[in-house]
Amino acid sequence: MDTTHLPTHSQAPLQKIAFLGTGGMGLPMARRLLAAGHPLTVWNRTPGKADTLVAEGAERATSPAEAVRDAEVVITMLADPAAALAVADAMIPGLRPGTHWIDTSTIGPDTVAALEARLPDGVTLIDAPVMGSVDRAASGELLILAGGDTALVDEVLARLGSVTACGGPGTGAALKLVLINAVIGGVAVVAETLELADALGLPRDLAVRALTAGPVGGVAGRATATGSHFPVALAAKDVALATAQAKLPVLEAVHRALTEDPELAAEDLAALARQGRR
């Protein structure tokens, strides 16, 4: 058989993607897909947040159902369970059989189960929340925690980062709660230990260097990061999702610390460790 003119894998048309939720994390993720050549339709509850993508060649949809109407792959990146459920209800009437829906939001396994229960016949859902902030989203270095079969969307996910297969539906969402709460709790502890260093009269830079070089180096680095943007309000939401699943007294205290100062809500999580905050 002459295979000279058969299309190669790289010659296959790129999947048409609908991306819903082009906020802080969604924008750089969608931009990577657009730059790779995927036909991209975008929708955001606040339309102006999609302007940059439209200027770069994406199509703007006026509703979630319109966004997904011709898509082969749908990606959602939404703030919380309420937003995910509301957008799902608006989007699902437009989904076609054969569509693959990847939800990258951090919404917990219970909401993933609720979304899966809403699926029309022939539509698959992969829960694929991500670890990493806007810098890693822009560089395609996210850690993607995937629950479900990713075989037909592997190339799309590879443009966003590296995939950890977690198991069946909901397992990606579950592992995300474990990992993100370890980070948030660790940042809160580092913030308090830096207050202790201040009280003991130690130079702040000395304490930071020692913490970063020690066994808590990862979270110490995140506590003092300047190139990330994970709003405190979203961190509080992630902790609340975790404490709804189990009795977690330390994380309950962290939640109180995250919500006691409303002025911090829109700031990056590193604001907890800012010198002189209290």
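For clarity, every value in this text was computed on a predicted model and none was experimentally measured.

Student: Can you help me understand the overall build of the chain in this one?
Tutor: Scanning the chain from terminus to terminus reveals 12 helices and nine strands. Its C-alpha radius of gyration of 20 Å places the chain within 12% of the 19 Å reference for a compact globule of 278 residues. Here the C-alpha coordinates of the chain stretch approximately 75 × 40 × 35 Å along the principal axes. Here the chain holds 278 residues, and the buried ones make up 44% of them. Across the chain, contacts joining residues at least 24 apart in sequence account for 62% of those joining residues at least 6 apart. Only carbon and sulfur atoms are counted for the fraction: they give 59% of the accessible area of the chain, which is about 13,100 Å². Distance between charge centroids for the chain: 4 Å, based on 21 positive and 30 negative side chains.

Student: Looking at this structure, I do not really get helix H8 (residues 171–199). What am I missing?
Tutor: Along an α-helix, a turn takes 3.6 residues, which lines up residues three or four apart on a common side. Counted at 1.5 Å a residue, the expected span for H8 with its 29 residues is 42 Å, and the 42 Å between its end C-alpha atoms agrees. Positive backbone phi, at 80°, marks Gly 201, one or two positions downstream of H8.

Student: Teacher, can you tell me more about the pattern of salt bridges here?
Tutor: Pairs may arise between side chains of opposite charge once their charged atoms sit close together. Under the criterion given, the structure shown has nine salt bridges. For Arg 209, the salt bridge is made with Asp 205, and the minimal N-O distance between the two is 3.6 Å. Note that Arg 209 and Asp 205 are positioned in helix H9 (residues 204–213) at a spacing of four residues, about one turn of the helix. With a shortest N-O distance of 2.6 Å, Arg 274 and Glu 267 are connected by a salt bridge. The partly exposed category is assigned to Arg 274, whose relative accessible area is 40%. Glu 267 sits in the partly exposed class, given a relative accessible area of 29%.

Student: Got a minute to help me understand the packing of helix H4 (residues 81–91) against helix H5 (residues 108–117) in this structure?
Tutor: Helix-helix packing is characterised by the crossing angle of the two axes and by the distance between the axes. Look at H4 against H5: their axes get within 10 Å of each other, and the N-to-C directions meet at 5°. By the angle class used here, H4 and H5 are roughly parallel. Residues Pro 81, Ala 84, Leu 85 and Ala 88 of H4 form the contact with H5, whose participating residues are Thr 111, Ala 114 and Leu 115.

Student: Looking at this structure, how should I read the environment of Ile 180?
Tutor: Considering the arrangement of structural elements, one finds Ile 180 in helix H8. Residue class for Ile 180 comes out buried when judged on its relative accessible area of 8%. For the pair Ile 180 and Glu 263, spaced 83 residues apart in sequence, the C-alpha separation works out to 22 Å. In this view, Ile 180 contacts Met 131, Phe 230 and Asp 238; residues no more than four positions away in its chain are not counted.

Student: Would you mind showing me how to read the nonpolar core here?
Tutor: Generally speaking, soluble globular proteins have nonpolar side chains that are buried together. By size, the foremost hydrophobic cluster in this structure holds 27 residues, and its most contacted members are Phe 19, Leu 40, Ile 75 and Ile 102. When contributions to this core are tallied by element, the ones reaching two or more residues are strand E1 (17–20), helix H1 (26–35), strand E2 (40–43), strand E4 (73–76), strand E8 (142–147) and helix H7 (154–158). Broken down by element, this core gets its largest block of residues, four residues, from H1. Discounting chain neighbours no more than four positions away, the residues touching Phe 19 are Gly 26, Met 29, Ala 30, Leu 33, Leu 40, Thr 41, Val 42, Trp 43, Ile 75 and Met 77. Residues Ala 197, Ala 207, Ala 235 and Ala 236 belong to the second largest nonpolar core, which totals 26 residues.

Rules behind the numbers
Residues numbered from 1 in each chain as written. Predicted model: local features only at pLDDT ≥ 70, side-chain atom pairs only at ≥ 80, totals over all residues. Heavy atoms only, no water. Helix = DSSP H or I, 4+ residues; strand = E, 2+ residues; numbered from the N terminus. Rg over C-alpha atoms; globule rule 2.2 N^0.38 Å. Buried < 20%, exposed > 50% of the residue type's maximum accessible area, 1.4 Å probe, protein only. Contact = heavy atoms within 4.5 Å. Areas by Shrake-Rupley, 256 points an atom, 1.4 Å probe, with all protein chains shown as cover. Lys, Arg positive; Asp, Glu negative; His and termini not counted. Charge placed at Lys NZ, Arg CZ, Asp CG, Glu CD. Expected span 1.5 Å × (residues − 1). Salt bridge = Lys/Arg side-chain N within 4 Å of Asp/Glu carboxyl O. Axes fitted to C-alpha atoms, helices over the stretch in contact; angles between N-to-C directions. Parallel < 35°, antiparallel > 145°, perpendicular 65-115°, else oblique. Core = buried A, V, L, I, M, F, W, Y, C linked by side-chain atoms within 4.5 Å.

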